[in-house]
Amino acid sequence: MARFIINNSPPLKGSVKISGSKNAVLPILAASLLAEGECVIRDVPCQSDVETMRMLLERLGADLYWDKEAGIIQTLASGRLRTEAEYELVSKMRASFLVMGPLLARLGEVNVPLPGGCAIGARPVDLHLKGFSALGAQVMQEHGNVRAKAKRLKGAKIYLDFPSVGATENIMMAAVLADGVTVLENCAVEPEVVDLANFLNSAGAEIRGAGTDTIKITGVKSLSEADHQVIPDRIEAGTFMVAAGVTKGDITVTNVVADHLKPLIAKLKEVNLDVTETEAGVRVKYQEEKGGHIIAADVKTLPYPGFPTDMQAQFMSLLILAEGTSIVTETVFENRFMHVGEFKRMGADIKIESRSAVIEGVKNLTGAQVKATDLRAGAALALAALTASGTTELSDIYHIDRGYCNLAEKLSQLGARIRREEDFSEKK
Ligand code: UD1
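Note that residues are indexed from 1 along each chain, following the sequence as it is written. With the structure being a predicted model, the display of local features is reserved for residues of pLDDT at least 70 and the display and counting of side-chain atom pairs for 80 or more, all residues being used for whole-chain, interface and lining totals. Computation of side-chain values covers all heavy atoms of the structure but excludes hydrogens and water.

Asks: Teacher, can you tell me more about helix 9 (residues 262-270) here?
Replies: Within an α-helix, residues lying three or four positions from one another point in the same direction, as the helix has 3.6 residues per turn. Think of it in three bands: with a 1.4 Å probe and only protein chains considered, a residue is buried below 20% of the maximum accessible area for its type, exposed above 50%, and partly exposed in between. A run of H or I in DSSP counts as a helix once it spans at least four residues, and a run of E counts as a strand once it spans at least two, with each numbered from the N terminus. Residues Pro263, Leu264, Ile265, Lys267 and Leu268 constitute the buried set of helix 9. Contact criterion: two residues are considered in contact whenever any of their non-hydrogen atoms come within 4.5 Å of each other. Residues of helix 9 that are buried in the fold lie against helix 8 (234-246), strand 15 (273-277), strand 16 (281-286), strand 17 (299-300) and helix 10 (312-319). Just downstream of helix 9 lies asparagine 272, where phi reads positive at about 90°.

Asks: Quick question: what am I supposed to make of the pattern of salt bridges here?
Replies: Proximity of charged atoms lets side chains of opposite charge pair with each other. Basic side-chain nitrogens of Lys or Arg form a salt bridge, by our definition, when they fall within 4 Å of a carboxyl oxygen of Asp or Glu. On inspection of all chains with the given rule, the structure shows 21 salt bridges. Between arginine 152 and aspartate 179 there is a salt bridge whose closest N-O contact spans 2.7 Å. With arginine 152 in the loop between strand 8 (145-149) and strand 9 (157-159) and aspartate 179 in the loop between helix 6 (165-175) and strand 10 (181-185), this pair connects stretches of sequence that are 27 residues apart. Taking relative accessible area as the criterion, arginine 152 reaches 33% and is therefore assigned partly exposed. Aspartate 179 gets classed as partly exposed once you look at its relative accessible area, which sits at 34%. Aspartate 259 is the partner of lysine 262 in a salt bridge, and the nearest nitrogen-oxygen pair spans 3.3 Å. On the basis of relative accessible area, lysine 262 is assigned to the exposed category, the value being 54%. Here the salt bridges share partners, and the residues they tie into one network are Arg3, Glu393, Arg419 and Glu421.

Asks: Honestly, empty space enclosed by the protein in this entry has me stumped. Any pointers?
Replies: Unoccupied space between atoms shows up once a probe the size of one water molecule is rolled over them. Both site types are read off a 1 Å grid over the protein atoms alone. A 1.4 Å probe that fits but cannot get out defines a cavity, while an open set with protein on both sides within 12 Å along at least five of seven lines defines a pocket; lining residues have an atom within 4 Å of a point. Grid points are joined across faces, edges and corners, and a volume is the space filled by probe spheres set on the points. Counting across every chain of the model gives two cavities of 30 Å³ or more. Each pocket or cavity is described by its volume, and for the largest cavity that value is around 40 Å³. Taken together, Arg234, Ile235, His260, Leu261, Pro263, Leu264, Pro308 and Met311 form the lining of the largest cavity. Of all the secondary-structure elements, those providing two or more residues to the lining of the largest cavity are helix 8 and helix 9. For this scheme, ten residues count as nonpolar: Ala, Val, Leu, Ile, Met, Phe, Trp, Tyr, Cys and Pro. Four count as charged, namely Asp, Glu, Lys and Arg, and the remainder, Gly too, count as polar. Broken down by class, the residue content of the lining of the largest cavity amounts to six nonpolar, one polar and one charged. Looking at the second largest cavity, its volume works out to about 30 Å³. Lining the second largest cavity, in full, are Leu104, Ala105, Ala150, Lys151, Arg152, Leu153, Leu177 and Ala178. Residues that form the lining of the second largest cavity fall into these classes: six nonpolar, no polar and two charged.

Asks: Explain the environment of methionine 100 to me, please; I cannot follow it from the model alone.
Replies: Position of methionine 100 among the secondary structure elements: in helix 4 (residues 100-107). Judged by its relative accessible area of 0%, methionine 100 is buried. Spatially, the C-alpha atoms of methionine 100 and methionine 173 are 9.0 Å apart, while their sequence positions differ by 73 residues. Once you skip the residues sitting within four places of it in the chain, methionine 100 turns out to touch Val110, Val112, Phe132, Val146, Ala148 and Asn170.

Asks: So what exactly am I meant to see when it comes to the site of the ligand here?
Replies: What makes a residue near a molecule or strand is one non-hydrogen atom of that residue sitting within 4 Å of it. Taken together, 18 residues surround the ligand, and among them Asp126, Leu127, Ser164, Asp310 and Val332 come closest. Interatomic distance of 2.6 Å between a side-chain N/O atom of aspartate 126 and a nitrogen atom of the ligand. Any pair of nitrogen or oxygen atoms within 3.5 Å is treated as a polar contact; in protein, a donor-acceptor pairing is required on top of that, and neighbouring residues in sequence qualify only through side-chain atoms on both sides. The separation between an oxygen atom of the ligand and a polar side-chain atom of aspartate 310 is 2.6 Å. Every accessible area reported is derived by Shrake-Rupley at a probe size of 1.4 Å, with residue values counting cover from the shown protein chains alone. A total of 740 Å² of accessible area belongs to the ligand in isolation, and the protein chains cover 86% of it. Of all elements in the fold, only helix 5 (126-134) and helix 6 reach the threshold of two or more residues within the shell around the ligand. Per-element accounting of the shell around the ligand gives the leading share, three residues, to helix 5.

Asks: Please explain the domain arrangement of the protein chain as it appears in this structure.
Replies: The extent of an interface is frequently quoted as the accessible surface area lost upon association of the parts. Throughout the structure description, domain borders are defined by an automatic or database domain assignment. Per the domain assignment, the segments making up the protein chain are domain 1 (3-19 + 232-421) and domain 2 (22-229). A straight line from the C-alpha centre of domain 1 to that of domain 2 covers 31 Å. Every contact between the two is made by 25 residues of domain 1 and, on the other side, 21 residues of domain 2. Between domain 1 and domain 2 the total buried area reaches about 1800 Å² when both faces are included, carbon and sulfur atoms providing 54% of it. It is Tyr304, Phe333 and Arg402 in domain 1 that bury the most area against domain 2; as a group they hold 30% of the surface buried on that side. Applying the counting rule to domain 1 against domain 2 returns two salt bridges. One can count nine residue pairs in polar contact (both at pLDDT 80 or more) joining domain 1 with domain 2. If one sorts the elements of the side of domain 1 that touches domain 2 by residue count, helix 13 (residues 398-403) sits on top with four residues. Partitioning the side of domain 1 that touches domain 2 into residue classes produces nine nonpolar, seven polar and nine charged. Computed with a 1.4 Å rolling probe, the buried area is the accessible surface lost when two parts are put together, summed over both parts.

Asks: Can you help me understand the packing of aromatic side chains in this one?
Replies: In this description, a pair of aromatic rings is defined by centroid distance and the angle of the planes. Paired rings are identified among Phe, Tyr and Trp, the last through its six-membered ring, by centres lying within 6.5 Å, and are further divided according to the angle between planes into stacked (under 30 degrees), edge-to-face (over 60) and tilted (the rest). By the definition in use, this model includes one aromatic pair. Measuring from centroid to centroid gives 5.4 Å for phenylalanine 307 and phenylalanine 315, while their planes differ by 70°, and the two rings are edge-to-face. Just as phenylalanine 307 is buried, phenylalanine 315 falls in that class too. The ring of tryptophan 66 is capped by lysine 68, whose NZ or CZ atom sits 4.6 Å from the centre of that ring. The criterion for a charge sitting over a ring is simple: Lys NZ or Arg CZ within 6 Å of the ring centre, and within 35 degrees of the ring normal.

Asks: What should I look at first to understand the packing of helix 8 against helix 10 in this one?
Replies: Only the stretch in contact is used when a helix axis is fitted, and all axes are lines through C-alpha atoms; the angle between N-to-C directions ranges over 0 to 180 degrees. Between helix 8 and helix 10, whose axes approach to 9 Å, the crossing angle comes to 5°. Between helix 8 and helix 10, the angle falls in the class roughly parallel. Residues Ile235, Thr239, Val242, Gly245 and Val246 of helix 8 form the contact with helix 10, whose own contacting residues are Gln314, Phe315, Ser317 and Leu318. When its residues are assigned to classes, the contact of helix 8 with helix 10 shows five nonpolar, four polar and no charged. Geometric relationships in this document are graded by angle, where less than 35 degrees denotes roughly parallel, more than 145 denotes roughly antiparallel, 65 to 115 denotes roughly perpendicular, and other angles denote oblique.

The structure is reproduced here in structure tokens:
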């Protein structure tokens, strides 16, 4: 297994181009199963989660061509599609469950393994299933699989108990080919939901209101082809913006939508970083001239437009070095503090109290052997390691590969002392 070797680094400086959004491209790829014509998807990031989705779609019978250099995937799902998704792939990545809505709508029948729990929480799919039932599908759970059937789905009024991103996307995709109108209330308003709706509309769907808490979907007979540019990854952008603070540097992220970064920008300013929107992108600068220091702040994760849970761990890598006490409250996932134990190995002072982490800022961190406990936790530990004294060995970085394209290379270009070692366990 690969690992990162990270050494104490100078302040990171320069500009970095952000890739297309992982959380937008995964549902868009699933949605391409709905289209009878060719779909061209641009600015696709080179991440292992995208590779997993590509394999899943191919096993379901779609044809895909991925030009990794150009960042373009072409999909064609015009042939015979299979109704059964493979356990091996679905268990690897929860977003695989997003093929359920498109397959149910297109084929009238689908059998997908339950995605199961994961390190950050139980993550059930009850809201997805309630939505499919409301659209008239017969939904059964047996032997760890979810089977759903409906000759033709029927539009319905659906209220989500919680604005789940995945449930909003899965139900929206199913409703696209349903008879009549579906009104989805209390739905997720994340930019990735809007991007998915834009993709579907460009293929011929009739979706209105994506980005608000009520989405109206008027069913159409079929979807044709689409050519779509994926939105920039706000979480990757956020990770580099935090890196500027952690390393007392000056980083400009380009290929970003500043509006999507609002909740993070507000917090970066609150902790005393200088954030400016430039023509090129967003610049985050440590305020050396004003004494610099990072000030403690309280953070509560919430569905968009609140502070993103996917930035919680990275922001913590800033707060562990801040002056004063910060409280980070995680409201979206019940077990998303796995990184705390690893930060503590590096000298951080953090206590968990129920759904909050109480952080007493420390002056220095020390390099240690740590593990990426999940994708964002892994990125957060890499950031903290840049400012720790000595060397940090960060293992289990396959988690990081799931959602970052060349993280070590991009950090290195900004001056970070980080290198990747492949298969270190075999060398020992
Ligand atoms: C998506 C993102 C993930 C991000 C999360 C929240 C993708 C591929 N992944 O995940 O990176 O952290 O949004 O912003 O886009 N829930 C239920 N029942 C359901 C569905 C969800 O109880 O049927 C709960 C979950 O357990 C969790 C909360 O709702 O506690 C939020 O989950 P959800 O918004 O669905 O996240 P995902 O779509 O899985």
